Structure formats: C-alpha cells, structure tokens
Amino acid sequence: MELKILRLNRHEEKRLQGGHLWIYSNEVNNRETPLKQFQPGEQVRVQTHSGKFIGTAYVNPHSLICARLFSRESQVLDNTLLLHRLKKALSLRARLFEEPFYRLVYGESDLLPGLVVDRFGDHLSVQLNSAGMEMLKSEIIDALKTLLDPKSILLRNDGSIRQLEGLTQEIEIAHGKSPKEVELLENGVKMLAPLHDGQKTGWFFDQRPNRAMLKHYVPGKRVLDVFSYVGSFAIQAAVFGAKEVMAVDSSRFALEMAEKNAVLNGVDNIFSGAEGDAFDVLKALRQENEQFDVIVVDPPAFIKRKKDHKEGLRAYHRINELAMRLLKDDGLLLSASCSMHLQRDELMDVLRSGGRRLDRHVQVLFEGIQGPDHPVHPAIPETCYLKAFLAQVSKE
Ligand code: SAH
C-alpha cells in the first residue's frame, strides 16, 4: 500500500530522532501536507522538512497529538506487524511473570501507541485509546485471538482519553463470553477484578511491586488502605499476615468487591470497609483516636490536567497529612501518585512538608514506580507516571 506523506516543519524532527513517537499539530508542514486531508487513523510516511524519511505513523487531524510513530521503517501497521508487536509484548511478559496476569500491551512502550491490553488468564480487557487503534479494531481482535486463543475479549472503550481523539465511549464484548468478574493471581494472592463495572480495565496491575513492598512490614500490624478500590493493598496485606485491615473508598461497589476478595482469601474476619470521601473518613478516624501501623494512600490522579496542578498538589498535601496523623509512632506510610503531572520530587516534598507541619521525622525507605509490565519508554516521560514512597514516620 502506498502511504501518503506527512511532512514536518523545519527542525521539528529532533525530538522524533531522539526517540519520541509523538508529533504535535503545530510541527506539521500544513502548507505542503495539510492535516485536514487525512482521515482519523490514516497511516502515513513521516518526512523531515527536507524530505528525509523518519518513520511510519498514524494520524488524527483532530487531536493535539496529531500523529504517532509506530515504526522507524517504511511499513504499514497491519495484521502481520500487529501480530509481531503483540508477540514481542507477550514474550517480555512471559520473561517477567510466571502467571498470565499482567498488562500485556502498554501502548507506546510496546510500540503500539494508543493500545492497552490487560490479560487475566483467558480473558482480555482492551482499551483502544486513539483513532489509529480504533481503525484497526478488527485486526487487533483477530491478532489477539491468533496469539492467545482467549475465551473472551472485552473492549473497555469508556476512558475519557478517547474524547481527546474524538472517539465515542462504549463498552463492548468483542469476542466470547466476558465474565463480569475474573480471578487473578498477584503476589501469590487470589483476587477478583470486576472487568465490566470496575475502573479502567478492571484492575490496576501497575501497583503490583508496591503491594509486594508491604510484605515484610505488615505481619501483626493494623493496616489502613485509603482509596482502596477492590482492596488490592488491603487484602494482600491481610494475606501477608496483617492483624487487621481497613479499606476506605467512596465507591460502595468497590468496597463490596473488596469484601468479596476478603472472603475469597479467608480474611474477612479481619477486614472492614469504610465508605465515604477519604478526607472525611480520615478526619473521623482521627476524632475517634484510631491509629494504624501502616497506611497506604493511593489516590486517583488529583492532577488530571496541567492547569489543575496547584489545587491537585494541595490535595496530595492534605491527604498525606491526614494519613500521617493517624500513624502510630514509627508507623509506615506508603504514599503513591499516578498523576503524570505530579513530579516525583513534588511527592517527596509532600512527605517532607507533612513531616515538618506535624513535627514528625520522615525517613523514606523505598521508592517504587509502576511494575515492569508497564515498561517506561525513555523518551516519553508520560509513560513513567506512577510514584510510590514507603516512609517511616516518627516522633523525634
Ligand atoms: N489503590 C487501588 C487503586 C485506587 S483507584 C489499587 O491499588 O487497586 C482510586 C480509587 O479512589 C477508586 O476506587 C475510587 O472509587 C476512589 N476514590 C476517588 N475519589 C475518592 C474520594 N474522594 N474518597 C474516597 N475514595 C475515592
């Protein structure tokens, strides 16, 4: 197939040559190759201003990121290349994990920009987050079937990111019988993930190593899991030997799932859920003089867009201070942020300033990022979004 050319403005090839995969609309030479001539998802050959070949990409003329490279060679993204990329993604995960529960495809980092595939054994949960991937929907489903012969494929195309690409929001079963809930194994613990009604793809695989980080520190301890979702930290802590775990979330559904997960692991006798706004629940716990040995704070992205930075940062300060107040002397705080607009040093500073305001000595013991099934693309900072610090918080 002969692909049309997308030409860049002068000097705009530097970032791409440095490894990045995105082209912004203001970098395109609109006089010679007007963006509006392209269909959303159309594949193109990208050239520098002087006509030197850079790679192949797909275009979305309606998006600020108007093109994403999927190859440095002159080739189309078709069944063959898709299958090749998926095989590479699978062999990496097979190298990383013994069990088939992981993020199989992490977009740009697996050279499949805009595609997310989470694997729960025989069941897949997929997000097509760009027009380019949306256009390849049936090829992607076919390739996944060829590769894994899964029992089901669910398309969780209800993420807000699709709006930026002008795509509709929908949930669709693309293949087989997709169960409402599916069992997975993580850090040796059985967990149920709600595929259809849960957040994102149903499970946050990214926190796996940070959940494992708790293992040595929770036996015999009282643990609070703030923004618990389906209890991934809380239940794993309970199985690791905690004396008591409490999960806090504003979603009743999430807490009901957490309760189910507690029953599944035979730890429901030491589990409790508190439904409500985490800020209010933590204040109430403080009023009741409750104290915990270990507290996990893993909020939703408080900074969704750059312009929310100031307000979002304040929310990180507030929630971490509330958590520190509930910690026993020498307690452990696992503080995480999934906001790509919050820098690692800013989260560190949240801990520093919380310590100063409450007159506590803070010692950061470990630092985590997302698990290796979400590999970082070294040229794309957005692919390294998860931050987690495990800190001991003490009176001096
Ligand atoms: N810690 C979880 C993921 C958390 S996702 C894990 O490792 O799987 C964020 C969770 O925060 C969601 O379950 C959402 O329901 C909850 N949430 C969002 N805003 C909240 C608020 N203000 N108070 C309490 N929970 C909230």
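Colleague: Would you mind showing me how to read the overall build of the chain here?
Modeller: Scanning the chain from N- to C-terminus turns up 11 helices and 19 strands. Since a compact globule built from 396 residues should have a radius of gyration of about 21 Å, the 23 Å found for the chain is in line with a globular shape. A principal-axis box enclosing the C-alpha atoms of the chain has dimensions of 70 × 45 × 35 Å. For the chain, the residues scored as buried account for 57% of the 396 residues in total. In the chain, of all internal contacts separated by at least 6 residues, the share reaching a separation of at least 24 is 62%. Here the chain has roughly 17,400 Å² of accessible surface; of this, 49% comes from carbon and sulfur atoms. Counting 53 positive and 53 negative side-chain charges, the chain places the centres of these two groups 4 Å from one another.

Colleague: How do you make sense of the sheet that holds strand β19 (residues 387–394) when you look at a structure like this?
Modeller: Two strands in a sheet stick together by hydrogen bonds in their backbones, pointing the same way (parallel) or opposite ways (antiparallel). Pairing within the open sheet is mixed, and its 7 strands lie in the order β15-β14-β13-β16-β17-β19-β18. Of all strands in the sheet, those bounded by a partner on one side alone are β15 (271–275) and β18 (361–368). The average angle at which neighbouring strand axes cross in this sheet is 15°, direction not considered. Packed onto the sheet, helix α8 (residues 252–264) meets β14 (244–249) and β15 and runs at close to 180° relative to β15. Running over the sheet, helix α9 (residues 278–287) touches β13 (222–226), β14, β15 and β16 (292–297) and is turned about 155° from β13.

Colleague: What is the right way to look at the domain arrangement of the chain in this model?
Modeller: A common way to express how large an interface is: the accessible area buried when the components associate. Taken domain by domain, the chain consists of domain 1 (4–71), domain 2 (79–179) and domain 3 (182–395). Taking only C-alpha atoms, the centre of domain 1 and the centre of domain 2 are 25 Å apart. Taken together, the contact between domain 1 and domain 2 spans 15 residues of the former and 15 residues of the latter. For the pair domain 1 and domain 2, the two sides together bury roughly 1,100 Å², of which 56% comes from carbon and sulfur. Three residues, Y58, R68 and F70, lead the burial of domain 1 against domain 2; their summed loss comes to 43% of the area buried on that side. For the pair domain 1 and domain 2, the interface holds 2 salt bridges. A salt bridge links R68 to E165; the shortest N-O distance between them is 3.2 Å. Run the count over domain 1 and domain 2 and you get 8 residue pairs in polar contact (both at pLDDT 80 or more). A class-by-class count of the residues in the side of domain 1 that touches domain 2 yields 7 nonpolar, 6 polar and 2 charged.

Colleague: What am I meant to see in the sheet that holds strand β3 (residues 43–47) here?
Modeller: If you trace the 5 strands from one edge of the open sheet to the other, you get β1-β3-β4-β5-β2, paired in mixed fashion. This sheet does not close on itself; its edge strands, each paired only once, are β1 (4–7) and β2 (22–24). Between one strand axis and the next, the sheet turns by 40° as a mean value, whatever way the strands run. Two strands pair when backbone bridges link them, and β3 and strand β4 (residues 53–59) are joined in this way by 5 bridges, in the antiparallel orientation. Bridge pairing links V46 to G55 in β4.

Colleague: Which parts of the structure should I look at to understand the packing of aromatic side chains?
Modeller: Any pair of aromatic rings gets described here by the distance separating the centres and the angle formed by the planes. Following the criterion strictly, the structure yields 7 aromatic pairs and no others. Centroid distance F97 to Y102: 5.8 Å. Interplanar angle 20°. Geometry classified as stacked. In this structure, F97 and Y102 share a single accessibility class: buried. Here the aromatic rings of F227 and F302 are separated by 5.9 Å at their centres, their planes lie at 75°, and the arrangement is edge-to-face.

Colleague: Got a minute to help me understand helix α4 (residues 137–148) in this structure?
Modeller: Residues that lie three or four places apart on an α-helix share one face, since the helix turns once every 3.6 residues. Taking 1.5 Å of rise per residue, 12 residues should cover 16 Å, and α4 covers 17 Å from first to last C-alpha, within 8% of that figure. One or two positions beyond α4, positive phi appears at D149, with a value near 45°.

About the cut-offs
Residues numbered from 1 in each chain as written. Predicted model: local features only at pLDDT ≥ 70, side-chain atom pairs only at ≥ 80, totals over all residues. Heavy atoms only, no water. Helix = DSSP H or I, 4+ residues; strand = E, 2+ residues; numbered from the N terminus. Rg over C-alpha atoms; globule rule 2.2 N^0.38 Å. Buried < 20%, exposed > 50% of the residue type's maximum accessible area, 1.4 Å probe, protein only. Contact = heavy atoms within 4.5 Å. Areas by Shrake-Rupley, 256 points an atom, 1.4 Å probe, with all protein chains shown as cover. Lys, Arg positive; Asp, Glu negative; His and termini not counted. Charge placed at Lys NZ, Arg CZ, Asp CG, Glu CD. Pairing = 2+ DSSP bridges. Axes fitted to C-alpha atoms, helices over the stretch in contact; angles between N-to-C directions. Domains from an automatic or database assignment. Buried area = accessible area lost by both parts, 1.4 Å probe. Salt bridge = Lys/Arg side-chain N within 4 Å of Asp/Glu carboxyl O. Polar contact = N/O pair within 3.5 Å; in protein donor to acceptor, adjacent residues only side chain to side chain. Nonpolar A, V, L, I, M, F, W, Y, C, P; charged D, E, K, R; others polar. Phe/Tyr/Trp six-rings, centres within 6.5 Å; stacked < 30°, edge-to-face > 60°. Expected span 1.5 Å × (residues − 1).

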